[in-house]
Amino acid sequence: MSHADETVATGPQRGAIPVSDPEALARLARWGGDQLVRQMVELFLAQAPERLEAARAGLAAGSADEVQRAAHALKSSSAQVGALRVSALCVEIESRGAGGDLAGVPDLLDALERELSVYRAGASPGGAS
Amino acid sequence: MKRILVIDDDAVTRTAAAASLSVVGGYEVLSAGDPEEGLRLARAEAPDGILLDASMPVMDGPEVLAALRRDPATSHIPVVFFTGSARPPDAESWEALGASGAVIKPFDFPGLPAQFERLVGWSRSREGTP
């Protein structure tokens, strides 16, 4: 990852969070090599849009539980690959879902989609290792 | 060599945990992406320990653990929950379910094997660093 100091206008608090945590991937690389890092990032990037769609489907159905589940699932995997802003958004969306408050969730999901794109751009080519 | 079964529907977490336990811990690792496959592997392969996602669709971790405990072939296998809960787990509540404890996700990649060993009471020395 090469843009830990970038900020994106996803909100005053999230803007202070780095897009990614290079150390998270460096730890993986130290033990598992670049191949493991690539595999993890590819798995994450393949899976994340499905989770996002699941959250959007839950929102469309008015199901706070579905929104919460999708955000919960993405929260851990994003943190594992150092996608800090994605993970922070998932924490917020999961919390809204748990509280049954879906009012701000559409904007948060839009921000999540943007942050996924930013992370994806930083992860290729060669940015993930 | 001890064998650990990882049951987690999240491919990223499952892959990372399997890599940590095998590369860092030196364990043989079996992986399952859903509860049914996890129960099948637990019965067929009788692993020495299980790392079990607490939150999965259809059948969650506590339900899988209850199924493991009901089966004489798997009732003795130590189980550690894998949880993404924002709150620290209440050790007593995990133990009341029959688990040895819980590991919080995201987990520390190089530290997972030692954490698992500590929770299940396995003692073993580890050599070397990357």
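What counts, and where the lines are drawn
Residues numbered from 1 in each chain as written. Chains lettered and ligands numbered in written order. Predicted model: local features only at pLDDT ≥ 70, side-chain atom pairs only at ≥ 80, totals over all residues. Heavy atoms only, no water. Core = buried A, V, L, I, M, F, W, Y, C linked by side-chain atoms within 4.5 Å. Buried < 20%, exposed > 50% of the residue type's maximum accessible area, 1.4 Å probe, protein only. Helix = DSSP H or I, 4+ residues; strand = E, 2+ residues; numbered from the N terminus. Phe/Tyr/Trp six-rings, centres within 6.5 Å; stacked < 30°, edge-to-face > 60°. Lys NZ or Arg CZ within 6 Å of the ring centre and 35° of its normal. Salt bridge = Lys/Arg side-chain N within 4 Å of Asp/Glu carboxyl O.

Draft legend 1. Representation of the nonpolar core. Core analysis: the biggest nonpolar cluster contains 50 residues, and Phe44, Leu112 and Tyr119 of chain A together with Leu51 of chain B have the highest contact counts within it. Listed by contribution, the elements that provide at least two residues to this core are helix 1 (22-60), helix 2 (64-80), helix 3 (84-98) and helix 4 (105-123) of chain A together with strand 1 (3-7), helix 1 (11-24), strand 4 (79-83) and helix 5 (112-120) of chain B. A per-element tally of this core places helix 1 of chain A first, with 11 residues. Among the nonpolar cores identified, the runner-up in size contains 21 residues, and Met56, Val64, Leu65 and Ala102 of chain B belong to it.

Draft legend 2. Broad picture of the packing of aromatic side chains. Tallying each qualifying case throughout the model produces 5 aromatic pairs over all chains. Relative to Tyr119 of chain A, the ring of Phe44 of chain A lies with its centre 5.5 Å away and its plane at 90 degrees, an arrangement referred to as edge-to-face. Here the residue Phe44 of chain A occupies a position in helix 1, and Tyr119 of chain A occupies one in helix 4, the gap between them amounting to 75 residues. For Phe44 of chain A, a relative accessible area of 0% puts it in the buried group. Judged by its relative accessible area of 0%, Tyr119 of chain A is buried. Aromatic ring contacts, followed pair by pair, group Tyr27, Phe116 and Trp122 of chain B into a single cluster. Above the ring of Phe82 of chain B, the side-chain terminus of Lys105 of chain B is found at 5.3 Å from the ring centroid.

Draft legend 3. Quick peek at the pattern of salt bridges. Evaluated as defined, the whole model comprises 13 salt bridges over all chains. Across the salt bridge formed by Asp10 of chain B and Arg51 of chain A, the nearest N and O atoms sit 3.2 Å from each other. With one member in each of two chains, Asp10 of chain B in the loop between strand 1 and helix 1 and Arg51 of chain A in helix 1 form a pair that bridges those chains. Glu45 of chain B is the partner of Arg3 of chain B in a salt bridge, and the nearest nitrogen-oxygen pair spans 3.1 Å. Taken together, the residues Arg3 of chain B in strand 1 and Glu45 of chain B in helix 2 (residues 35-45) connect sequence positions 42 residues apart. Residue Arg3 of chain B is classed as buried on the basis of its relative accessible area, which comes to 19%. Residues joined by salt bridges that share partners form a network here, namely Glu23, Arg27 and Arg30 of chain A.

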